[in-house]
Amino acid sequence: MRRHLAAAATATAASLTLLLAPGVRAADTADAAAAANPYERGPAPTRASVEALRGPYAVSQTTVSSLAATGFGGGTIYYPTSTADGTFGAVVISPGFTAYQSSIAWLGPRLASQGFVVFTIDTLTTLDQPDSRGRQLLAALDHLTQRSAVRGRIDAGRLGVMGHSMGGGGTLEAAKSRPSLKAAVPLTGWNTDKTWPEITTPTLVIGADGDTVAPVATHSEPFYESLPGSLDKAYLELNGATHFTPNTSNTTIAKYSIAWLKRFVDDDTRYEQFLCPLPRPDLTIEEYRGSCPLGS
Ligand code: 9J3
Ligand code: ZN
């Protein structure tokens, strides 16, 4: 009788173990996934953390003089101050026609504080066209990874490009000519080339509903639609926005740019929650298109 009770107790314990096993396995899998991605940086994201004015990393900055720059106009590098978390992915950002780095400077500390090295650049002349801006973005990436003071803090295999207006047009040009890029984010992009089937880099196209300089119907929408259907891509149309909305601090631009860079420069699937299922239109989003799930 006591043997039977002991056997029953053992059987019950075994059943409990089996019942608990799925939960235990789920936790183990999450740990294994975290360990399997050497590129994720910073704590698990929340809506508040991706919308915040600053992320978890304190940021330092250093200037690159135009005299020290080859093939672009110099700029400012924003980078996480601490070296405790190893290297970071990097992104270069170009301003638009007639504009300077100051016009996109807000993105420097906003993105760098999330765990990226961010280089906001000046172009050789403020009148440079998108194809030239594309080449300048790549020259700036090469400077950043090969010659800059912070080159040792960067993982040269994980790079992205962004830009405003003609700099957004240049962002598409850069991705087209350097397929190794991990992410591209044109902001109210402008280009005479409307079709981008050659791009293999995951691309988030951000347009503005009230843009009369680069109207979405003739710029961002055809850019997005012409990207390969098999590509990880998305189209975010800002609501109540203009061509120049990317020139001042904007939480919607920041949130989705951070999520896209994290997802594709860092391969950090913790950020997929902000991209899939597709965000629904609201006060700041006129329209959002994309394919889910990403990375498949
Ligand atoms: O960089 C831009 O703002 C491009 C839009 C533009 O001014 O085009 C006029 C040729
Ligand atoms: Zn084309």
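As a starting point, this report considers the structure included with it. (Residues numbered from 1 in each chain as written. Chains lettered and ligands numbered in written order. Predicted model: local features only at pLDDT ≥ 70, side-chain atom pairs only at ≥ 80, totals over all residues. Heavy atoms only, no water.)

### A closer look at the site of ligand 1
Here is step 1: Surveying the vicinity of ligand 1 reveals the residues Gly96, Phe97, Ser165, Met166, Trp190, Val213 and His243.
Here is step 2: Backbone polar atom of Phe97 to an oxygen atom of ligand 1: 2.6 Å apart, as the coordinates give it.
Here is step 3: Between an oxygen atom of ligand 1 and a side-chain N or O atom of Ser165, the distance comes to 2.4 Å.
Here is step 4: For ligand 1, the accessible surface in isolation is 310 Å², of which the surrounding protein chains cover 74%.
Here is step 5: Classifying every residue of the shell around ligand 1 by side-chain character gives four nonpolar, three polar and no charged. (Near = heavy atom within 4 Å. Polar contact = N/O pair within 3.5 Å; in protein donor to acceptor, adjacent residues only side chain to side chain. Areas by Shrake-Rupley, 256 points an atom, 1.4 Å probe, with all protein chains shown as cover. Nonpolar A, V, L, I, M, F, W, Y, C, P; charged D, E, K, R; others polar.)

### Quick word on the state of the cysteines
Here is step 1: Inspection of the entire model under this criterion finds one disulfide.
Here is step 2: Covalently, Cys276 is tied to Cys292 through a disulfide, its sulfur atoms 2.0 Å apart. On the sign convention where negative is left-handed, the bridge of Cys276 and Cys292, at about -90° about the S-S bond, is left-handed. You can see Cys276 sitting in the loop between α7 (251–265) and β9 (285–290) and its partner Cys292 sitting in the segment after β9, a full 16 residues away along the chain.
Here is step 3: We classify Cys292 as partly exposed; its relative accessible area is 37%. (Disulfide = S-S within 2.5 Å. Helix = DSSP H or I, 4+ residues; strand = E, 2+ residues; numbered from the N terminus. Buried < 20%, exposed > 50% of the residue type's maximum accessible area, 1.4 Å probe, protein only.)

### Overview of the coordination of the zinc ion (ligand 2)
Reference geometry at the metal: tetrahedral coordination by four donors gives ideal angles of 109.5 degrees; octahedral coordination by six donors gives 90 or 180 degrees.
Here is step 1: Within the protein, the atoms that donate to the zinc ion (ligand 2) are Asp193 (OD), Asp193 (OD), Thr195 (O) and Thr195 (OG1), at distances of 1.9 to 2.7 Å.
Here is step 2: Thr195 sits in the partly exposed class, given a relative accessible area of 44%. (Donors = N, O, S within 2.8 Å, 3.2 Å for Na, K, Ca; no water.)

### Quick look at the side chain of Ser165
Here is step 1: By secondary structure assignment, the location of Ser165 is in the loop between β5 (154–164) and α5 (166–177).
Here is step 2: Within the structure, Ser165 has its side chain in polar contact with the side chain of His243 (distance 2.7 Å).
Here is step 3: Ser165 has contacts with Gly96, Leu187, Thr188, Gly189, Trp190 and His243, leaving out every residue within four places of it along the chain. (Contact = heavy atoms within 4.5 Å.)

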